[in-house]
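Summary of the model geometry
As a plain string of letters, each chain reads:
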Amino acid sequence: MEVLIVDTPEAAAAFAAEAVLDGLRKHAGENPVLGLATGSSPLGLYAELAAAAQRGEADFSDTVGFALDEYVGLEDTHEQSYRQTLIREVCDVIGLPVENLNVPNGHGESVEQIAAQATAYDEAIKAAGGVDVQILGIGANGHLGFNEPASSLRSRTRIKRLAAQTREDNARFFDGLDRVPTHCVTQGLGTVQDARRLVLIALGSNKAEAIAAAIEGPLSASCPGSVLQLHPDAVVVLDEAAAAGLKNRGYYDDAAAGLQFGI
Ligand code: F6R
């Protein structure tokens, strides 16, 4: 795992974007596959990818995107659905065609139907050649995607109940907590780990505890983010506030000095 700690959220976004582009150069073929996270953490990263595209250093017009997760029961046209969020915050920003965007299907007549669609989503990722670079944020409770604590470390895309803390954290986007969906469809931790590179960005002091547990704590379903420890090509980019709980800081800084994609 590469852990990069930088002074500001802006620098973190720039380093994380470079890690994404480097990962695509290393791992992707003619039709790159990018795993997309929603949330506030990667917004600067997406802006940096857009800037790289404008400079002619990147081109996402042939890129296929797979979202990490989607709410169950929100209309696809709902502005807080992750489909609409990703169209607004990623497709329109970096130039990834909307028709290349895949989002888990959170609609169905029954739980069984949604479960079958979730399995089909995993298959669709495989059929596209697998995710080359997966962009990730982390929840204050350590969740990756919507894999809440106690999620199986080998889980595949499936329906999950959202943790109370996650619903509270996301209530800011809805008209009140009772409007936040209770369930989601999320890529599993096994699905996430199949990506060839993981790039996680975490910003701010409310992520410090989760980051310390994910990077330096035991591998445990209690902190889903700890699966990063199993991945052969995981890059974690942090600002100082998010890194505040790390004990092994000196080593990360020394090791980062040897990375080839320094900006
Ligand atoms: C987003 C996702 C979540 C977020 C996490 C952090 O698709 O699956 O795991 O990455 O909740 O959210 P922010 O970045 O808003 O703090």
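Shown above is the structure to which this text applies.
Below you will find a few notes about this structure. (Residues numbered from 1 in each chain as written. Predicted model: local features only at pLDDT ≥ 70, side-chain atom pairs only at ≥ 80, totals over all residues. Heavy atoms only, no water.)

**Section: the overall build of the protein chain**
What counts here: Helix and strand labels come from DSSP, where a helix needs a run of H or I of at least four residues and a strand needs a run of E of at least two; each type is numbered from the N terminus. Here the globule rule is a power law, 2.2 Å times the number of residues to the power 0.38, and the radius of gyration is based on C-alpha atoms. In this scheme, a residue with accessible area under 20% of its type's maximum is buried, one over 50% is exposed, and one in between is partly exposed, where area comes from a 1.4 Å probe on protein chains only. Whether two residues are in contact is decided by their heavy atoms, any of which lying within 4.5 Å being enough. Residue burial considers only the protein chains on display, and all accessible areas are found by Shrake-Rupley using a 1.4 Å probe. Counting rule applied: Lys, Arg positive; Asp, Glu negative; His and chain ends not counted. Charge positions come from single atoms, namely NZ of Lys, CZ of Arg, CG of Asp or CD of Glu.
A tally of helices and strands in the protein chain yields eight helices and 10 strands. Against the compact-globule benchmark of 18 Å for 263 residues, the protein chain has a radius of gyration of 17 Å, which places it among compact chains. Taking the principal axes of the C-alpha coordinates as reference, the protein chain spans close to 55 × 40 × 35 Å. The buried share of the protein chain, reckoned over its 263 residues, is 53%. Long-range contacts, defined here as pairs at least 24 residues apart, represent 78% of the contacts in the protein chain between residues at least 6 apart. Of the roughly 11,300 Å² of accessible surface on the protein chain, 49% is carried by carbon and sulfur atoms. Within the protein chain, one finds 19 positive and 36 negative side-chain charges whose respective centroids are separated by 5 Å.

**Structural notes on the nonpolar core**
Put simply, the test is: Among buried residues, those of type Ala, Val, Leu, Ile, Met, Phe, Trp, Tyr and Cys that are joined through side-chain atoms within 4.5 Å constitute a nonpolar core.
Core analysis: the biggest nonpolar cluster contains 67 residues, and L49 and L238 have the highest contact counts within it. In contact with L238, other than residues within four places in its own chain, are V3, L4, I5, V6, A12, A202, I211, I215, A243 and L246. Ranked by size, the runner-up nonpolar core spans nine residues in total, among them Y82, L162, A171 and V180.

**Concerning the packing of helix α1 (residues 9-27) against helix α2 (residues 43-54)**
We apply this condition: Every angle, taken between N-to-C directions, lies between 0 and 180 degrees, and every axis is a line fitted to C-alpha atoms, over only the stretch in contact when it is a helix. To sort the angles, those under 35 degrees are grouped as roughly parallel, those over 145 as roughly antiparallel, those from 65 to 115 as roughly perpendicular, and the leftovers as oblique. With the far helix as reference, a near helix turned anticlockwise by less than a right angle produces a left-handed crossing, and one turned clockwise produces a right-handed crossing. Note that Gly is not counted as nonpolar here; it falls among the polar residues with everything else outside the nonpolar set of Ala, Val, Leu, Ile, Met, Phe, Trp, Tyr, Cys and Pro and the charged set of Asp, Glu, Lys and Arg.
Where α1 meets α2, the closest approach of the two axes is 8 Å, and the angle between their N-to-C directions is 60°. Taken as axis vectors, α1 and α2 run oblique relative to one another. As α1 packs across α2, the resulting crossing turns out to be right-handed. Two secondary-structure elements touch here, α1 through E10, A13, A14, A16, A17, V20 and L21 and α2 through G44, L45, E48, L49 and A52. Within the contact of α1 with α2, the residues separate by chemical class into nine nonpolar, one polar and two charged.

**So, the site of the ligand**
Rule in force here: Residues are labelled near a given molecule or strand when at least one of their non-hydrogen atoms is within 4 Å of it. The definition of a polar contact used here is a pair of N or O atoms within 3.5 Å, where within protein one atom must be able to donate a hydrogen and the other to accept one, and adjacent residues in sequence count solely through side-chain atom pairs.
Among the 14 residues in the neighbourhood of the ligand, the closest are listed as S41, D69, H143, G145 and K207. In the environment of the ligand, an oxygen atom lies 2.9 Å from a nitrogen or oxygen atom belonging to the backbone of S40. About the coverage of the ligand: the protein hides 90% of its 410 Å² of free accessible area. Across the shell around the ligand, the residue classes tally to three nonpolar, eight polar and three charged.

**Points about the state of the cysteines**
Heads up, the rule is: In this description, the term disulfide denotes a pair of cysteine sulfurs within 2.5 Å.
Evaluated as defined, the whole model comprises zero disulfides. No disulfide involves C223; its sulfur sits 17 Å from that of C184, the nearest cysteine. The buried category is assigned to C223, whose relative accessible area is 7%.

**Describing the sheet that holds strand β10 (residues 234-239)**
Selection criterion: Strand pairing is assigned whenever DSSP identifies at least 2 bridges connecting the two strands.
Here we have seven strands laid out as an open sheet, ordered β1-β10-β9-β6-β2-β3-β5, and parallel in their pairing. The two strands at the open ends of the sheet, each matched to only one other strand, are β1 (2-6) and β5 (101-102). Judged from the five bridges that link them, β1 and β10 form a sheet pairing that is parallel. In the strand pairing of β10, I5 is matched with L238. Its contacts with the sheet place helix α7 (residues 208-216) against β1, β9 (197-202) and β10, and it is angled at close to 150° to β10.

**Comments concerning the pairing of strand β6 (residues 133-136)**
Alternating residues of β6 divide into V133 and I135 and Q134 and L136, and every residue in both groups is buried. Pairing analysis gives two bridges linking strand β2 (residues 33-36) to β6, with the strands arranged parallel. Counted as the bridge partner of L34 is V133 from β6.

**Brief notes about α2**
Basically, it comes down to this: Each helix should span, by expectation, one fewer than its residue count multiplied by 1.5 Å. Arc definition: it is the arc formed by the directions from the helix axis to the C-beta atoms.
Taking 1.5 Å as the rise per residue, α2 with 12 residues should run 16 Å; its terminal C-alpha atoms sit 17 Å apart, in good agreement. Listed in full, the buried residues belonging to α2 are L45, Y46, L49, A50 and A52. End-on view of α2: buried residues confined to an arc of 160°, all on one side of the axis. Where the residues of α2 are buried, they touch α1, β2, α3 (82-95), β6 and β9. G56 lies just past α2 and shows a positive phi near 80°.

Function cannot be read off these values alone, since they describe shape.
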